[in-house]
Amino acid sequence: MNWDDLIASALIGSARRPLKLAPDASALGALSSKLTELSPEAQLLSAAALSSLYRKAGRTALSLGPSELQAAPPNSSAECSFFLSQIFVQICERSEYASLIPEFCAGLKQRNLVLHRSILVRALKAIRLHNGEKRQALIEVLGERGTWLMQYAEHMNKFQPLEEIDLDNEALVQNYWETSTHNQRLTLLARLREHDPARARELLRSNWQQETAQNRAELLSKLQIGLSMNDEPLLEETLENRSQTVRLQAADLLARLPASRLSQRMRVQAEHYIKLKAQPRKGLKSKIAKLFGEQEVVPAFQIELPPEHDGELWRDGIDGKQHVSDLGIRAGILMQLIAATPLDYWAESGFDQSSLITAAQHDEWAKAIIAGWVLATLRQQNLDWAIALSKQPLAVLQHASHGSLEQLLDMLPRERQEALATTIFLQVKEDKKLRNVLLHIMSAMKRPWSAALSDGVFEHLHEVITNNEHNNTLFNPHNLDWLAAVDMERAHYWLPQLLELAKQKQAFMLNVIEKYVRFYEFRNRMLKELSR
């Protein structure tokens, strides 16, 4: 009895397509042969019930021979000690210690150690829970045994490492590409983009027509690795794809190439809808500008919002339906247009980035302008614009999408980050609104922090305790990440003083400081164990 025959009879009708109950040697065949005395309708229903039950009963497990399941290879590096394993377990089990994962793993790598085999399952669970820096740090200390185990963990398929293949062997690469899962092809494409971008592009084209729209978009995103003008013809061609998801991914990549045809079309559109004119300073501002030798004119925007429906803009991935929250459809189109315009276009106005950003904040369409510049800066990885926008962090927080300030700060070298943080620490005494900016800056700072920056943080905490401030967004029991970054010698100097001060004042912050001290003591124990 064939399952397809059952479905066909059910769809067409047992009268027009009677079910054939030919006996066979199987147990199901023997049972179904006894249904011949029933009416056609009863035969169909009974056969379906029998077949369904038979299918649910399960199948004999496949046997895996030695060629299919290889034993785990030995680790080439020594495994960490029992005490370090216990510390790792605590880091995994207690969420407040999760920020220590990168530092712990870096300590193991420095000593050429890998995780002990007894904690590999915990490590795999942690990889599933975390992303970004934490996940990568964990993967790097799995060792050969952990890497072997990861490929057999069902929930780890998404992060399955690419098997060791010779990327120069075209036949081997082609075979792997054709026989692998989608997630494995994503991994292969990413590695091949680092090794041979042109070959990766050829592979992408080879089965492009057979991929689903979602898979095409995900594969296309890997072209961001090693992206260059050599990719531009393929991406420009992809703008004609029927899937909006695929078109938007291609448009995003083209907007990262200031010399692409799409970027140049956006330059023309910007010239049409956005006019920049020089406007003289007025009153006292004019006198101050003369005194300090500054420009006596400032930029002023004259903006005409693009229409809701424009075929050329729609083809280039700019669609009113994709508008940013808090913006209307036409203002959202304006933001997308600015985000796809080469940043060097704005230099043609004769004004520097700082003047343009200041002027934009006073414009009716400030949110669209600044959000567009932020996205363009992140796409084009323009350091000058990243520095200029980071110097006006309130404007970024107010107008750009969540997480934008952290991404801009991540582009800056360490010394630029610390200089900005130091400036904000000085200004926060006068402007309490900047505390929210500090929270974003501290979460994005490259680690470990210098002694000077650590002192700045602790001095600010000292002031908070002295003033017994409640509802402080920067220092609270749930924000412990910054303690994983501070200089340990400065923490050793400051925390006992801060704890004593909180006790003397019976401050609201006492519970917070006690939690900070426990975190510091655990981190200190971890670092001592790593240094043995």
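Structure first, text after, so check above.
These numbers come from a predicted model, not from an experiment. (Residues numbered from 1 in each chain as written. Predicted model: local features only at pLDDT ≥ 70, side-chain atom pairs only at ≥ 80, totals over all residues. Heavy atoms only, no water.)

Before going further, it helps to spend a moment on the overall build of the chain. Helix and strand content of the chain: 29 helices and four strands. When each of the 532 residues of the chain is scored for burial, the buried share is 45%. When contacts within the chain are restricted to residue pairs at least 6 apart in sequence, those whose partners lie at least 24 apart make up 70%. Carbon and sulfur atoms form 51% of the exposed surface of the chain, whose accessible area is close to 28600 Å². (Helix = DSSP H or I, 4+ residues; strand = E, 2+ residues; numbered from the N terminus. Buried < 20%, exposed > 50% of the residue type's maximum accessible area, 1.4 Å probe, protein only. Contact = heavy atoms within 4.5 Å. Areas by Shrake-Rupley, 256 points an atom, 1.4 Å probe, with all protein chains shown as cover.)

For the coordinates displayed, the defined rule picks out twelve aromatic pairs. Ring centres 4.9 Å apart and planes at 70 degrees place the aromatic pair Tyr345 and Trp346 in the edge-to-face group. Cluster of aromatic residues (ring-pair linked, three or more members): Phe301, Tyr345, Trp346, Trp373 and Trp385. The residue whose ring lies beneath Arg490 is Tyr493, and the NZ or CZ to ring-centre distance is 4.7 Å. (Phe/Tyr/Trp six-rings, centres within 6.5 Å; stacked < 30°, edge-to-face > 60°. Lys NZ or Arg CZ within 6 Å of the ring centre and 35° of its normal.)

Let us now look at the environment of Thr423. Its location among the elements puts Thr423 in helix α25 (residues 414–427). Residues Thr423 and Lys391 lie 32 residues apart in sequence; the distance between their C-alpha atoms is 9.4 Å.

On to the side chain of Asp231. Turning to its location among the elements, Asp231 is positioned in the loop between α12 (213–221) and α13 (232–238). With relative accessibility at 0%, the residue Asp231 sits in the buried group. Side-chain polar atoms of Asp231 contact the side chain of Arg201, separated by 2.7 Å. Once residues lying within four places of it in the same chain are set aside, the contact partners of Asp231 are Arg193, Arg201, Leu223 and Gly226. (Polar contact = N/O pair within 3.5 Å; in protein donor to acceptor, adjacent residues only side chain to side chain.)

What follows concerns the nonpolar core. Counting residues in each nonpolar core, the largest one holds 142 residues, and the members touching the most others are Phe104, Leu115, Trp373, Leu461, Trp482, Ile513 and Tyr516. Setting aside anything within four residues of it in sequence, one finds Tyr516 in contact with Leu461, Phe475, Asn476, Asn479, Leu480, Trp482, Leu483 and Leu495. Within the second largest apolar cluster, six residues are counted, among which are Leu6, Leu19, Leu35 and Ala47. (Core = buried A, V, L, I, M, F, W, Y, C linked by side-chain atoms within 4.5 Å.)

For the structure shown, the criterion picks out zero disulfides. Note on Cys92: no disulfide assigned, nearest cysteine sulfur contributed by Cys105 at a separation of 8.6 Å. When its relative accessible area of 29% is taken as the criterion, Cys92 is described as partly exposed. Residue Cys105 is classed as buried on the basis of its relative accessible area, which comes to 1%. (Disulfide = S-S within 2.5 Å.)

This paragraph deals with the packing of α12 against helix α14 (residues 244–255). α14 packs onto α12 with a crossing angle of 10 degrees between their chain directions and a minimal axis gap of 8 Å. Taken together, α12 and α14 sit at an angle that is classed as roughly parallel. On the side of α12, the interface is formed by Ala213, Gln214, Arg216, Ala217, Leu220 and Ser221, while α14 contributes Thr245, Val246, Gln249, Ala250 and Leu253. Tallied by class, residues from the contact of α12 with α14 come to six nonpolar, four polar and one charged. (Axes fitted to C-alpha atoms, helices over the stretch in contact; angles between N-to-C directions. Parallel < 35°, antiparallel > 145°, perpendicular 65-115°, else oblique. Nonpolar A, V, L, I, M, F, W, Y, C, P; charged D, E, K, R; others polar.)

The next point concerns the pattern of salt bridges. Applying the stated criterion to the full structure yields 22 salt bridges. The salt bridge involving Arg315 is made with Glu240; its shortest N-O contact spans 2.8 Å. Here Arg315 is found in helix α17 (residues 311–315), whereas its partner Glu240 is found in the loop between α13 and α14, with 75 residues between them in sequence. A residue is classified by how much of its surface remains accessible, and Arg315, at 23% relative accessible area, is partly exposed. The exposure class of Glu240 is exposed, given its relative accessible area of 55%. Residues joined in a network through salt bridges with shared partners are Glu236, Glu240, Arg265, Arg315 and Asp316. (Salt bridge = Lys/Arg side-chain N within 4 Å of Asp/Glu carboxyl O.)

With respect to burial, helix α18 (residues 329–339) is a largely interior element, nine of its eleven residues being buried. Ala331, Gly332, Ile333, Leu334, Met335, Gln336, Leu337, Ile338 and Ala339 are the residues of α18 that are buried. Those residues of α18 hidden inside the fold are in contact with α15 (261–273), β3 (274–280), β4 (297–303), α17, α19 (344–347) and α21 (366–380).

Next up on the list: a negative patch on the surface. A cluster of acidic side chains, namely Asp166, Asp168, Glu170 and Asp196, defines a negative patch on the protein surface. Mapped onto the secondary structure, Glu170 falls in helix α9 (residues 170–179). On the accessibility criterion, Glu170 (53% relative accessible area) is exposed. (Patch = residues over 30% accessible without salt bridge, like charges linked within 9 Å, V, L, I, M, F, W, Y side chains within 5 Å. Lys, Arg positive; Asp, Glu negative; His and termini not counted. Charge placed at Lys NZ, Arg CZ, Asp CG, Glu CD.)

Between helix α22 (residues 383–390) and helix α24 (residues 404–411), the shortest axis-to-axis distance is 9 Å and the interhelical angle comes to 130 degrees. The orientation of α22 with respect to α24, classified from their angle, is oblique. Relative to α24, α22 is oriented so that their crossing is left-handed. Contact residues: Leu383, Ala386, Leu389 and Ser390 in α22; Leu408, Leu409 and Met411 in α24. Broken down by class, the residue content of the contact of α22 with α24 amounts to six nonpolar, one polar and no charged. (Left-handed = near helix turned anticlockwise from the far one by under 90°.)

Moving on to the environment of Cys92. Checked against the element boundaries, Cys92 lands in helix α4 (residues 82–93). For the pair formed by Cys92 and Ala123, sequence separation is 31 residues and the distance between their alpha carbons is 7.9 Å. Not counting residues within four places of it along the chain, the set of residues in contact with Cys92 comprises Arg122 and Ala126.

Attention now goes to helix α29 (residues 510–531). Between the first and last C-alpha of α29 there are 31 Å, a value that for 22 residues agrees with the 32 Å anticipated at 1.5 Å per step. Taken together, the buried positions of α29 are occupied by Val512, Ile513, Tyr516, Val517, Phe519, Tyr520, Phe522, Arg523, Met526, Glu529 and Leu530. Turning to α29, the residues buried within the fold contact α4, α5 (101–110), α27 (451–466) and α28 (488–504). (Expected span 1.5 Å × (residues − 1).)

Judged by side-chain polarity, Trp3, Ile7, Leu11 and Ile12 come together as a nonpolar surface patch covering roughly 380 Å² of accessible area. Note on placement: Leu11 falls in helix α1 (residues 3–12). Residue classification places Leu11 among the exposed residues on the basis of a relative accessible area of 69%.

At the junction of Arg447 and Pro448, the peptide bond is cis and its omega measures out at -5 degrees in the coordinates. In this fold, Pro448 is placed in the loop between α26 (434–444) and α27. The residue Asn112 is not glycine, and still its phi comes out positive at about 60 degrees. Along the polypeptide, Asn112 turns up in the loop between α5 and β2 (113–114). Although it is not a glycine, Gln381 sits at a positive phi angle of roughly 50 degrees.

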